[in-house]
Amino acid sequence: MTEVLADKTLLALLLIGVLCSVTVFAAGTSEAKSAAKPREVRILLWDSTYNQKFEPQNIKADFEAQYPDYQLVIDRIEYDSLDKQILLAHATGKDYDVIQVNHSSVSQFVAGGVLLPLDSYLASSAIDLSTYAPAAVDVGKIKGVTYGIPFDPDCRILAYNRRILDELGFAPPKTTADMLEIAKAAYAKDYYAMAGQVSKSMFCIYDLGGFMLSYDTQVYKEVNGKYVSQLNTPEALQFVKWAVEMFKYMPKDTNISDTLARSMFAQGKVVMLWWTPSQINSVIPQFANRDELEFSEIPIGPTGAHGSAMGGYLWGIGSGAKNKDGAWAFMEYANTPKVQAMLARGLPADTRAFDYPPFNIPEYNMFRKQLETSKYPVPLTEVFPRVAEVWNRRFSEALLGVISAEEACRLGHAEVQAVLDTIN
Amino acid sequence: MLLGRPLVPLQKLYRPTMIKRRISIAPYAFIAPAFIMLIVFIAYPVLMNLITSFQNYSLIGNKRDFIGLVNYQNLLKDVRVWDAIRRTFSWTFINLVFALSIGLGAALLLSSRFNWSNLLNAFVLIPWILPSVITGYIFSLMFSEDAGVFTWILKSLHIVEPTFSWFRTGATSMAAAIIANVWRAFPFFTLMLYAKISSLPTDHIEAAYLEGATSSQRFRYITFPFITPVLAACTYLCFIWTFNAYDILKIMTNGGPAELTTTMSIMVQREAFQYFNLSVASAMSIIMFLLMLIIIVCARLLYGVIKRVAA
């Protein structure tokens, strides 16, 4: 009986030994395999960038062919959740290697320690920022340190319906005063002057609010190292009065989505529209007659100021990225002029990329010209989104006639300055 | 000694056995998965939410210090928060009144068993089945100034001015969102109340007929008391759902124009996922929870008092 038990114990020990050996050998084999396997580069993209550019242009396969040591692992996210996903990944220690960063979020992410400084990489890199739009490069820098490299900036130009202008007997607008004249005449003939979503907080910054740059002022500026509201200036008041007048000739629905506004423009119901580069692909096909659509630079304001609001995206590397070298390899690949032209939904940041498709067609000429004088509508601080919300409330109240333009500027100035003082 | 047998001591007779012990563990084992789920998915988040509301935690920044009641003090000093609370109550009570009234009316109509009532019964749930986001988009289009069918009808009948827009003022924007929400919510209450009315004993109604009761008397003295418990349950559910409602308002008005339709739930979402101030958003959500709790407790007390008075 004891012998049988001893045999069983021996057999059991033998089996355990075999099992352990197999596990160790298996692990060894897997390790040996993984040594030869390309290292993963995790990248987070806005789904529009992925769907419209990354996937159709076969960027993943092209990158992996040129950099066989790396394999791209792509996560896609919708626009509204992009910042949230970046911050949550950072908070949980799962930073992405490469991040598509919205220009308005750079300051916030730097304040939160989400982005890696890139100057040491740039110093020994082939990326040459001297041919990039200077304003787009500057937005990636915080206190002189580079955290993002622009690849997809945009700016606004003015699109107008030539047929309606001819019908009304007007030439294309050169000044904001011309725009108002056209707006009045158009509304009298049942056309809307322009269209946009008033309830969107950035309406007061980029859309109708973007024309503030033509009045040679901004919602706030940096003055001697402090951020100061500019809404108490005569220029700001003059702009708000112009906007209130213009809104009289726009649709009264405050919730019109950008898609609907553009659709109304394409249907010939709206005579003018602030126009971004991405609309070339999305709106032009909706026009029944393409010849009706023409572009001009953003009209000048009373002082001759010539402003167009910039936006767009940059590449950044997560501060906790597991594969920083792989991330930088992707950045070098993505910043060649040809690939940048393939990836940009708006405009390429590198002027050399305009020589490559799809940007080497006449539709982009006006944007290329406008980009030279374009600038970001305000300094992009970490409180920028809250400033936009606070100011849009007063701006909307003025447009809807709830308060006067003077009162909107007075209240807006105090409220915006209170927000700015939290970072001053 | 009883009937010739020796008496067994009680301790021995009821001595716990191994089998009994095993049986006593079983119920706990059965409820353990549900209990663990409750702790993980309800208790832990609620507790973390409460703790976070006393901190200065933001996804942007590395701080996570206890700051006591500062978040609550700041919120209660903010006039925009009070405006949002006021709007939340207006939104909730108007929705509640209309959704329940229309739900009750439709339930009574269906229970009258007119021709096609069975068909209508099947169709009545469609608004409830549709995702609220879809409802929001559909109603946004139907109310739009340019191509909306409702606006077109009102303008064609000269009920409103040719320049009328639902989304121009806070009041009309809120009204449009309420109409959409009521349309989406009432079928649930119709179904609940119709089910209860259908179980009403027929002898009660027959007796009332024999006594010569009018239809309003039958409703008041028979139907209404019979459905009151379900009506109360529906009221609580409707209150909770509407108080927390977010998607329809977000889609239809985005809190605008000029923040005039911004409710607490929209503020919480903005604070948490636009500004990433998780502590402030947590404090707001705790305030929302407490407000809801107070209303529900008061309503229950009132309901008890009314029942006692009626009895």
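The structure displayed is predicted, hence computed values, not measured ones.

What follows concerns the overall build of chain B. Across its full length, chain B holds 14 helices and 0 strands. Listed by position from the N terminus, the elements making up chain B come as α-α-α-α-α-α-α-α-α-α-α-α-α-α. By the compact-globule yardstick of 19 Å for 311 residues, chain B is too spread out, its C-alpha radius of gyration being 27 Å. For chain B, the spread of C-alpha atoms along the principal axes amounts to about 105 × 75 × 35 Å. With 311 residues in all, chain B has 31% of them scored as buried. Contacts in chain B between residues at least 24 apart in sequence constitute 69% of all its contacts with a sequence separation of at least 6.

Turning our eyes to something else, we now look at the domain arrangement of chain B. Under the domain assignment used here, chain B contains domain 1 (18-53) and domain 2 (70-310). Taken together, the 4 residues of domain 1 of chain B in the interface contact 7 residues of domain 2 of chain B.

Once that is clear, we can look at the sheet that holds strand β6 (residues 149-155) of chain A. Residues and elements named next belong to chain A. Strand order in the open sheet made by the 5 strands is β2-β1-β3-β12-β6, with mixed pairing throughout. Across the chains shown, the open sheet's two edge strands, defined by having one partner strand only, are β2 (70-77) and β6. Averaged over neighbouring strand pairs, the angle between their axes works out to 20° when direction is ignored. Of the pairings in the sheet, the one linking β6 to strand β12 (residues 310-317) comprises 6 bridges and is antiparallel in character. Paired with Asp154 across the bridge in β12 is Gly311.

Residues and elements named next belong to chain B. Their axes nearest at 9 Å, the elements helix α4 (residues 79-111) and helix α11 (residues 215-244) cross at an angle of 140°. By the criterion of interaxial angle, the relationship of α4 to α11 is oblique. Considering only the axes of α4 and α11, their crossing is right-handed. Contact with α4, carried on its side by Thr88, Trp91, Thr92, Asn95, Leu96, Ala99 and Leu100, involves Cys234, Thr235, Cys238, Phe239, Thr242 and Phe243 of α11 and no other residues of that element.

It is worth spelling out the domain arrangement of chain A at this point. Residue and element names in this part refer to chain A. The domains assigned to chain A are domain 1 (39-147 + 311-373) and domain 2 (155-308 + 379-421). Relative to domain 2, the C-alpha centre of domain 1 lies at a distance of 29 Å. Taken together, the contact between domain 1 and domain 2 spans 18 residues of the former and 17 residues of the latter. Listed by contribution, the elements that provide at least two residues to the side of domain 1 that touches domain 2 are α5 (106-111) and α15 (365-373). If one sorts the elements of the side of domain 1 that touches domain 2 by residue count, α15 sits on top with 6 residues. A per-class count over the side of domain 1 that touches domain 2 returns 7 nonpolar, 8 polar and 3 charged.

A word on the pairing of strand β1 (residues 39-46) of chain A. In regular strands, side chains alternate between the two faces of the sheet. Residues and elements named next belong to chain A. Here β1 lies mainly inside the structure; 6 of its 8 residues are buried. The pairing of β1 with β2 spans 8 bridges and is parallel. Each residue of the ladder has a partner; that of Leu44, found in β2, is Asp75. Bridge count between β1 and strand β3 (residues 98-102): 2 bridges; the pairing is parallel.

Scoring rules and cut-offs
Residues numbered from 1 in each chain as written. Chains lettered and ligands numbered in written order. Predicted model: local features only at pLDDT ≥ 70, side-chain atom pairs only at ≥ 80, totals over all residues. Helix = DSSP H or I, 4+ residues; strand = E, 2+ residues; numbered from the N terminus. Rg over C-alpha atoms; globule rule 2.2 N^0.38 Å. Buried ≥ 20, exposed ≤ 12 C-beta atoms within 10 Å, placed from the backbone. Contact = placed C-beta atoms within 7 Å. Domains from an automatic or database assignment. Pairing = 2+ DSSP bridges. Axes fitted to C-alpha atoms, helices over the stretch in contact; angles between N-to-C directions. Parallel < 35°, antiparallel > 145°, perpendicular 65-115°, else oblique. Left-handed = near helix turned anticlockwise from the far one by under 90°. Nonpolar A, V, L, I, M, F, W, Y, C, P; charged D, E, K, R; others polar.

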